[in-house]
Amino acid sequence: MLKDNKFNLSLRLSTIDCTTSTKYYRLNQKISENEKQKIKQYFKYYTTSDFQDLDNVAGNTTGWMCKENDVEVVEKLLDIIETRAIKQQRLQETQEKRSVQSVQSIEKTLLMGFSN
């Protein structure tokens, strides 16, 4: 794999099976054969027949995916920089910041209403 691509390599949520509450993740780009060997025990090729009730499945049900509980291991094996944990932390910080901004905006609106 090219070094530049390593910064873009990540696992992304692909499928959610609501019947079993299982999340499935896939790589966002192709990797080398050597890297495939490192992670092959964590991935399986899924098809629609692998899911009990397709009405309760969201996302792409066909392709190479790993289950949520294997994501951290795969990220470590592939030296993924943009890990799911980092993305979740960034999302949480953004949500908290927006929440504070919303409260401040409401307070400002209320204060302006009382000053009239």
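Residues numbered from 1 in each chain as written. Predicted model: local features only at pLDDT ≥ 70, side-chain atom pairs only at ≥ 80, totals over all residues. Heavy atoms only, no water.

## Focus: the nonpolar core
Point 1. Grouped together as the largest cluster of nonpolar side chains are 12 residues: Leu-9, Leu-11, Tyr-25, Leu-27, Ile-31, Ile-39, Phe-43, Cys-66, Val-71, Val-74, Leu-78 and Ile-80.
Point 2. If we ignore the near neighbours within four places in the chain, the residues touching Ile-80 are Leu-9, Ser-10, Leu-11, Leu-27 and Glu-75.
Point 3. Tyr-24, Tyr-46, Val-57 and Met-65 belong to the second-largest nonpolar core, a separate cluster that totals five residues. (Core = buried A, V, L, I, M, F, W, Y, C linked by side-chain atoms within 4.5 Å. Buried < 20%, exposed > 50% of the residue type's maximum accessible area, 1.4 Å probe, protein only. Contact = heavy atoms within 4.5 Å.)

## Re the sheet that holds strand β1 (residues 11-17)
Note: strands within a sheet are paired through backbone hydrogen bonds, in either parallel or antiparallel orientation.
Point 1. One open sheet accounts for five strands, arranged β3-β5-β2-β1-β4; its pairing is antiparallel. The strands lining the two open edges of the sheet, one partner per strand, are β3 (44-46) and β4 (57-59). Along the sheet, successive strands turn relative to each other by an average axial angle of 45°, direction set aside.
Point 2. The pairing of β1 with β4 spans three bridges and is classified as antiparallel. Bridge pairing links Thr-15 to Gly-59 in β4. (Pairing = 2+ DSSP bridges. Helix = DSSP H or I, 4+ residues; strand = E, 2+ residues; numbered from the N terminus. Axes fitted to C-alpha atoms, helices over the stretch in contact; angles between N-to-C directions.)

## Things to note about the packing of aromatic side chains
Point 1. Per the counting criterion, the structure on display carries four aromatic pairs.
Point 2. Between the aromatic rings of Tyr-24 and Tyr-46, the centroid separation amounts to 4.9 Å while the plane-to-plane angle is 65°, which identifies the pairing as edge-to-face. Taken together, the residues Tyr-24 in strand β2 (residues 22-27) and Tyr-46 in strand β3 connect sequence positions 22 residues apart.
Point 3. Take Tyr-46: its relative accessible area is 7%, and that puts it in the buried class. (Phe/Tyr/Trp six-rings, centres within 6.5 Å; stacked < 30°, edge-to-face > 60°.)

## Comments concerning the pairing of β1
In regular strands, side chains alternate between the two faces of the sheet.
Point 1. Sheet analysis places β1 next to β2, joined by six bridges and oriented antiparallel. Bridge pairing links Leu-13 to Tyr-25 in β2.
Point 2. What sits between β1 and β2 in their antiparallel hairpin is a turn of four residues, with Ser-21 showing a positive phi close to 55°.

## Here we look at the pattern of salt bridges
Point 1. As enumerated under the stated definition, the model contains four salt bridges in all.
Point 2. Among the ionic pairs, Glu-33 bridges to Lys-36, the shortest N-O distance being 3.2 Å. Highlighted residues: Glu-33 and Lys-36, both in helix α2 (residues 33-39), separated by three residues, approximately one helical turn.
Point 3. Across the pair Glu-82 and Arg-90 runs a salt bridge, and its minimum N-O distance is 2.7 Å.
Point 4. The exposure class of Arg-90 is partly exposed, given its relative accessible area of 43%. (Salt bridge = Lys/Arg side-chain N within 4 Å of Asp/Glu carboxyl O.)

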